[in-house]
Amino acid sequence: MNFMPVILWSDALVFLLIAACSVGAWHIRTREYLLLPWRRVARSRVAMVSLLVLSLFLIIGLLDTLHYRVVLPQANGVEKVYSPEVLSVFDKLVTPLRTQHEKTYSAPFAITLFAKESVTDAGGHVLREYPRLQYGGAHLRDESQRAADVLRRAALGALAGMLIGALACVGWAYLPTRKSIVNNGGHRCTLYAVWRAETISLLIIAVLIGTFANLATVYHVLGTDKVGQDVLYLSLKSIRTGLIIGTVTTLVTLPLALFLGVAAGYFRGWIDDVIQYVYTVLSSIPSVLLIAAAVLMMQVTIDTHPQWFDTAASRADLRLVFLCLILGMTSWTGLCRLLRGETLKLREMEYIQAAQAFGVSSLRILARHIIPNVMHIILISLVMDFSGLVLAEAVLSYVGVGVDPSMISFGTMINAARLEMGREPMVWWALASAFCFMLVLVLAANLFADAVRDAFDPRLSRTGD
């Protein structure tokens, strides 16, 4: 093979999370009472459109999670030597965006650099002008051709995207799994409204992807940053970091909140006092200071043990994993309180008291009666906390205690762009790009979380949106 697969720590945790979600989905499909709330989610237009947008982000994140290292050129008979650079399948798919670097800043769709430079003409005179970009718009003779070329390529890309989107809509409409989930118990008008919303959204997304993909082959659609990297590439690469922060952190939050919250509510007494004392103390400490202290201690450990890492990517990835652990250790208290309160209520129910009277062990009661009846709270809380964790990564990276500076994320993009906001003329596109991508991701997650909350809330009787 001309490449070597690489599994980073965050990759392994993502694969573990996918396996857990697959087992959970199979378990839900085999039990009608568990599938019923998800049928209500599937009959919500807002939920399905949000899920469609989130699925696009998830696909990009998963493609960026499959890592490998390529073999360096070598003479015959020499042992294979692999490149120290760790690439992903997503990097391979967008190779032009990754490799076509300019000298420095350039505005979106520009064919020249953003700032003037001194150049010498054929007569030996020094002139101040905007140099042409090496890749962006290199096929054009001059700037007068740019507008017509952008319109033509945008129209062709939109047409191709619309055709692909139409085929995807047909396949999506006849997907057996989707039809079995939505149709059961749904009204015809509601199903038609959901299908129409999904179709329109899918076509719009396909048109946008086709337009951007066709334009990105010859232009820097969102401009370039200080070192000439394509901002569209940086924004797409930031998606994986945000998704990992928002999802992998749950692997730490969930066990702590579940076991401690349920134990405090069920056993009460001194166990409840100890657990309440622990999460009260943690909640009283400013979370940013606690996270900053933990991150700095972790960074010292990494700096003093360089032999642990064979590539820069593995070093940055370990810091990302530790950041997930730290966020999980500091964000479980809210869910723990909710589970404790719900368990205190469930403990007084008649079927729990009957089980205790018949001598059923506490562990069996917790496993068979308590935990299944608090799963809706866990699901709602985790889905709603996702957007908060994505925003937390941006804030922490902005103040310098987030991910490694060499790792691309929304926070590092904002941190790099903030100093350029005060220059004249202002470099605005890097900050605007990070803001827009993060806004779409967080907004879709919040809308989907609202739909999940409504579907699982027993006090709400509506089945539509």
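None of the values given here were measured: they were computed from a predicted structure.

Turning next to the overall build of the protein chain. In terms of regular secondary structure, the protein chain is built from 17 helices and five strands. Oriented by its inertia axes, the alpha-carbon framework of the protein chain measures out at about 100 × 60 × 55 Å. When burial is assessed residue by residue, the protein chain has 43% of its 465 residues classed as buried. A separation of at least 24 residues holds for 73% of the contacts in the protein chain among residues at least 6 apart in sequence. Only carbon and sulfur atoms are counted for the fraction: they give 68% of the accessible area of the protein chain, which is about 24500 Å².

With 21 residues, helix H1 (residues 9-29) extends 31 Å between its outermost C-alpha atoms, agreeing within 8% with the 30 Å of an ideal straight helix rising 1.5 Å per residue. Those residues of H1 not exposed but buried are Ser10, Asp11, Val14 and Leu17. Looking straight down H1, one finds that the buried residues subtend no more than 120° of arc, so they occupy a single side. Residues of H1 that are exposed and point more than 90 degrees away from the buried face comprise Trp9, Val23 and Trp26. Buried positions along H1 lie against strand S1 (3-6), helix H3 (45-63), strand S2 (67-70), helix H9 (231-267) and helix H12 (312-330).

With 57 residues, the main nonpolar core has Ile239, Phe437 and Leu441 as its most contacted residues. Mapped by element, the contributors of at least two residues to this core are H3, helix H6 (146-173), helix H8 (188-216), H9, helix H15 (362-398), helix H16 (410-418) and helix H17 (429-456).

Phi angles above zero are rare outside glycine, and Phe109 is one such case at about 65°. Its identity is not glycine, yet Arg268 carries a phi of approximately 55°, on the positive side. Within the secondary structure layout, Arg268 lies in the loop between H9 and helix H10 (269-284).

A word on the confidence of the model for the protein chain. Scored by pLDDT, the protein chain comes out at a mean of 84, with 93% of its residues at no less than 70. Considering only residues more than four positions removed or in separate chains, one finds that residues 461-465, a stretch of pLDDT under 50, has eight contacts.

Before going further, it helps to examine the pattern of salt bridges. A side chain of one charge can pair with a side chain of the opposite charge when the charged atoms of the two come close. Taken as a whole, this structure holds 16 salt bridges when the rule is applied. Residue Glu32 pairs with Arg39 through a salt bridge whose shortest N-O separation is 3.2 Å. For Glu32, a relative accessible area of 44% translates into the label partly exposed. What makes Arg39 buried here is its relative accessible area of 5%. The closest approach of N and O atoms between Glu85 and Arg98, which form a salt bridge, is 3.7 Å. Of this pair, Glu85 sits in the loop between S2 and strand S3 (87-88) while Arg98 is found in helix H5 (residues 95-99), placing the two residues 13 residues apart along the sequence. Exposure remark for Glu85: the relative accessible area of 44% places this residue in the partly exposed category.

One way to put it is that H9 packs onto helix H13 (residues 333-347) with a least axis distance of 7 Å and a crossing angle of 35°. You can see that H9 and H13 cross each other, and the crossing is right-handed. Residue-level contacts link Ala257, Leu258, Leu260, Gly261, Val262, Ala264, Gly265 and Tyr266 of H9 to Leu335, Cys336, Leu339, Arg340, Thr343, Leu344 and Arg347 of H13. Residue classes in the contact of H9 with H13 are distributed as ten nonpolar, three polar and two charged.

Scoring rules and cut-offs
- Residues numbered from 1 in each chain as written.
- Predicted model: local features only at pLDDT ≥ 70, side-chain atom pairs only at ≥ 80, totals over all residues.
- Heavy atoms only, no water.
- Helix = DSSP H or I, 4+ residues; strand = E, 2+ residues; numbered from the N terminus.
- Buried < 20%, exposed > 50% of the residue type's maximum accessible area, 1.4 Å probe, protein only.
- Contact = heavy atoms within 4.5 Å.
- Areas by Shrake-Rupley, 256 points an atom, 1.4 Å probe, with all protein chains shown as cover.
- Expected span 1.5 Å × (residues − 1).
- Arc of directions from axis to C-beta.
- Core = buried A, V, L, I, M, F, W, Y, C linked by side-chain atoms within 4.5 Å.
- pLDDT = per-residue confidence, 0-100.
- Salt bridge = Lys/Arg side-chain N within 4 Å of Asp/Glu carboxyl O.
- Axes fitted to C-alpha atoms, helices over the stretch in contact; angles between N-to-C directions.
- Left-handed = near helix turned anticlockwise from the far one by under 90°.
- Nonpolar A, V, L, I, M, F, W, Y, C, P; charged D, E, K, R; others polar.

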